[in-house]
Structure formats: structure tokens, C-alpha cells
Amino acid sequence: MLRILTTRRWLTWLLVATLWATLCVIAGFWQWGRWEDKSTIQNRIDANYDATPTPMSRELSTSRAPAKSDEWKQVTGRGHYVGEPLLVRNRPGPGGDFGYETLGVFEVDGMKVVVDRGWVANGETAARPASIPQAPKGEVTLTGWVRPSEKSLGRAEVNGQVSSISVADVERATGATLAQGYVRMRSEKLADGSTPPRPAALDRPSQGSAAGINLSYALQWWLGAIAGYAFVLLRARREYLDSLELADEAPVAHDTEAGGDSASATGFTETGSTTPVRPTKKPAKKPRPRKQRIWDEEDA
């Protein structure tokens with residue numbers, strides 16, 4: 001079989017299998033990296049989401065963005081809302097329908113922070129929501145989670161709407177200097193302990209089966225690398241076995257012809273007569289036709 005594998009045709013197929021395996025290995029490591037990233041995010045969410053809240057002024061700053069390890073940390077602060085609310089358009093809600101998220105600017109410990117208060121459904125058209133729960137007046141104790149600023153989509157604020165929760169976009173829309181991150185609201189409480197009306201709360205984030213899908217893709221790519229070599233070796237082995245069968249059939253045909261010539265030389269009949277008779281030559285067994293393969297046609 002080694003002799004077959006060292007022919008030009010099969011060396012070419014082995015090269016193709018090597019190129020395929022290289023691609024599979026690279027794609028597998030790419031999917032593995034995505035699985036690791038999503039697993040890290042999920043571990044961070046699990047560790048921070050329900051942890052004891054820390055002061056907003058400790059985790060947020062106007063001079064730096066939140067650290068990766070601080071994302072989804074629970075924070076709290078006592079302050080008040082300033083200015084008018086902003087809407088973030090085309091955002092999926094708890095049920096999967098698209099609507100708006102409502103933003104407010106919350107002043108706490110001398111710092112202004114963007115707060116995502118929750119989600120509201122579209123109105124009769126997607127131009128505006130049907131109603132927007134207003135931010136409470138006066139002193140409010142707010143609890144929520146630290147989130148990094150989203151990427152700006154480069155679109156100007158239109159009629160109190162922005163296209164993403166980009167701190168830079170909200171700064172342009174409000175004219176305020178803001179913390180370089182925002183807070184997704186969990187709860188609000190007024191000075192008397194009551195809870196004011198609010199937009200619909202957003203679902204707890206979860207990587208869910210997405211991370212597992214990336215892991216399965218990585219394993220499939222790596223198995224594909226092995227499968228490429230296995231396919232070439234199995235086809236080469238089949239050709240090797242076929243060549244052995246053809247080699248075994250050729251001597252059988254030669255021996256049959258030799259036996260017929262020996263009977264002719266003796267000249268004896270079955271009754272013992274010495275009268276020469278013409279021997280009947282048995283036809284040689286025809287060799288089994290060789291299978292035609294795609295690569296044989298290419299060589300031809």
C-alpha cells in the first residue's frame with residue numbers, strides 16, 4: 001500500500017487532505033476561542049449579577065470606562081434624575097418584539113450617569129412608543145448593573161431618540177459630561193420607600209446554548225480534519241486490494257492453458273486408446289474488469 005501512496009496521484013490527494021486538515025484545525029481553534037469568550041462572560045454574569053451592591057461612584061467614573069471584571073456588577077446610589085428622557089430605537093424586548101429602551105440621566109455623588117430604565121413597546125407605528133413612564137421626581141435610590149458604553153453608530157439624535165446606548169451620543173444629545181459607562185436599572189425606590197412606575201424590566205442576560213454551540217462546532221471541525229485523511233487512506237486501501245485481486249487471477253488463467261497442452265501431448269483417450277484425439281481446451285477464466293474511478297479518468 002505504501003507503493004500506491006507514493007505515486008503522484010495519491011501524493012496529490014494527501015496534499016489536498018493536508019490543506020483541508022489545516023483549514024479545519026484553524027476553524028476549530030476559532031470556534032474554541034469564541035466558546036472561551038462566551039464562557040468567560042457567562043461566568044462573570046453568574047458571579048456579579050446577584051452580588052451585594054457597591055456604590056456607583058466606586059465602579060463608574062467620567063475619566064475611564066468600566067473594567068471587564070466590573071461588568072454586570074451590581075451598584076446602588078441615591079440621587080435624582082435630570083433632564084428629559086431619551087429613547088433607544090429598535091431594541092428587542094422581553095418577549096422578543098422590537099420597541100424602545102428608555103434612558104435617563106441620573107445624578108449621584110456629583111456625577112451624572114446614563115441609566116437604562118427598561119423597555120417600552122412601539123405605538124401604532126414604530127415612530128414613537130404608545131407611552132413612556134416618566135422618571136420619578138425627587139430623591140431616588142437606584143440599584144442596577146454596570147454596563148460598558150455601546151459603540152456609536154454615527155447617527156445623530158432625532159426627536160429625543162438615539163440609535164445605541166453610546167455615552168458619547170448621549171453626551172451630544174444632552175450636553176452633559178457623563179460617566180464612561182451606564183447602569184441597567186434593577187429597581188428604584190422613592191424616599192418614602194415606594195416603588196414608582198417603570199418600563200418593562202429587561203431579561204437577565206445569558207449566553208445559554210450559544211457557548212455550547214461554539215464548542216460543538218470546534219469539535220466538528222477537528223473531526224473533519226481526521227475525516228479528510230481517513231477518506232484518502234480508505235480509497236487508497238481499496239485500490240491496493242483491487243490490485244492484489246487482479247494479480248491473483250492472472251496465474252490461474254495461465255495454469256489452465258498449460259494443463260490443456262499436456263493432455264494433447266499424451267494422445268490417450270478415456271478408453272486407453274492411443275489414437276490421437278484433439279483435446280478440448282477449457283476457456284481461460286476472464287479476469288474481473290477493473291473498476292473505473294474518477295481519478296483514473298483524470299489521469300487518462
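For the structure itself, consult the block above.
Residues numbered from 1 in each chain as written. Predicted model: local features only at pLDDT ≥ 70, side-chain atom pairs only at ≥ 80, totals over all residues. Heavy atoms only, no water.

## As for the layout of surface pockets
Space inside the largest pocket adds up to approximately 160 Å³. For the largest pocket, the full set of lining residues is Tyr81, Val82, Gly83, Glu84, Pro85, Leu103, Gly104, Val105, Gln134, Ala135, Pro136 and Lys137. Counting residues per element, the ones that place at least two in the lining of the largest pocket are β2 (74-92) and β3 (98-108). Broken down by element, the lining of the largest pocket gets its largest block of residues, five residues, from β2. (1 Å grid on protein atoms, 1.4 Å probe; cavity = no way out; pocket = protein on both sides within 12 Å on 5 of 7 lines; lining within 4 Å. Points joined across faces, edges and corners; volume = space filled by probe spheres on them. Helix = DSSP H or I, 4+ residues; strand = E, 2+ residues; numbered from the N terminus.)

## Overview of a nonpolar patch on the surface
Together, Trp20, Leu23, Ile213, Tyr217 and Trp221 make up an exposed nonpolar region whose accessible area comes to about 470 Å². For the nonpolar patch, the elements supplying multiple residues, two or more each, are α2 (8-48) and α5 (209-266). Considering each element in turn, the nonpolar patch owes the most residues, three residues, to α5. Take Trp20: it is sitting in helix α2. (Patch = residues over 30% accessible without salt bridge, like charges linked within 9 Å, V, L, I, M, F, W, Y side chains within 5 Å. Areas by Shrake-Rupley, 256 points an atom, 1.4 Å probe, with all protein chains shown as cover. Salt bridge = Lys/Arg side-chain N within 4 Å of Asp/Glu carboxyl O.)

## Thoughts on the pairing of β2
Of the strand pairs in this sheet, strand β1 (residues 54-55) and β2 are connected by two bridges, and their pairing is parallel. Residue pairing for β2: Pro55 is matched across the bridge by Thr76. Of the pairings in the sheet, the one linking β2 to strand β5 (residues 140-147) comprises six bridges and is antiparallel in character. What sits directly across from Gly79, in β5, is Val140. Here β2 runs beside β3; their pairing, made up of nine bridges, is antiparallel. Looking at β3, one finds that Leu87 is bridged to Thr102. Linking two consecutive strands that pair antiparallel, namely β2 and β3, is a turn of five residues; a positive phi of about 95° is found at Gly96 within it. (Pairing = 2+ DSSP bridges.)

## A closer look at the pattern of salt bridges
For the structure on display, the rule yields 12 salt bridges. Where Glu188 meets Arg117, a salt bridge forms, and the shortest distance between an N and an O atom there is 3.0 Å. One end of the pair, Glu188, is in strand β7 (residues 182-190); the other, Arg117, is in strand β4 (residues 111-121), and 71 residues separate them in sequence. Residue classification places Glu188 among the buried positions, given a relative accessible area of 2%. With relative accessibility at 1%, the residue Arg117 sits in the buried group. Because the salt bridges share partners, they merge into one network encompassing Arg44, Lys68, Glu71 and Arg147. (Buried < 20%, exposed > 50% of the residue type's maximum accessible area, 1.4 Å probe, protein only.)

## Some details on unusual backbone geometry
Phi angles above zero are rare outside glycine, and Trp72 is one such case at about 70°. For Trp72, the position within the fold is in the loop between α3 (56-59) and β2. We classify Trp72 as buried; its relative accessible area is 5%.

## Some details on the nonpolar core
Judged by nonpolar contacts, the single largest core of 15 residues is most densely connected at Met56, Leu60, Phe106, Val113, Leu142 and Val183. Within the second largest apolar cluster, 12 residues are counted, among which are Leu86, Val105, Val162 and Tyr182. (Core = buried A, V, L, I, M, F, W, Y, C linked by side-chain atoms within 4.5 Å.)

## Observations regarding the environment of Arg89
Mapped onto the elements of the fold, Arg89 is located in strand β2. Each C-alpha atom of the pair Arg89 and Pro129 lies 9.6 Å from the other, and the pair is 40 residues apart in sequence. What Arg89 contacts, discounting residues up to four positions off in sequence, is Gly99, Tyr100, Arg155, Ala156, Gln161, Val162 and Ser163. (Contact = heavy atoms within 4.5 Å.)

## Remarks on helix α4 (residues 167-174)
The set of residues buried in α4 consists of Val167, Asp169 and Val170. Down the axis, α4 shows its buried residues gathered within 160° of arc, on one side only. Residues of α4 that are buried in the fold lie against β2, β3 and β4. Once α4 ends, the next one or two residues include Gly175, with phi positive near 75°. (Arc of directions from axis to C-beta.)

## Description of the side chain of Thr54
Here Thr54 lies in strand β1. For Thr54, a relative accessible area of 16% gives the class buried. Beyond its immediate sequence surroundings of up to four residues, Thr54 is in contact with Glu59, Gln74, Val75 and Thr76.

Without other data, these values stay purely geometric and don't point to any function.
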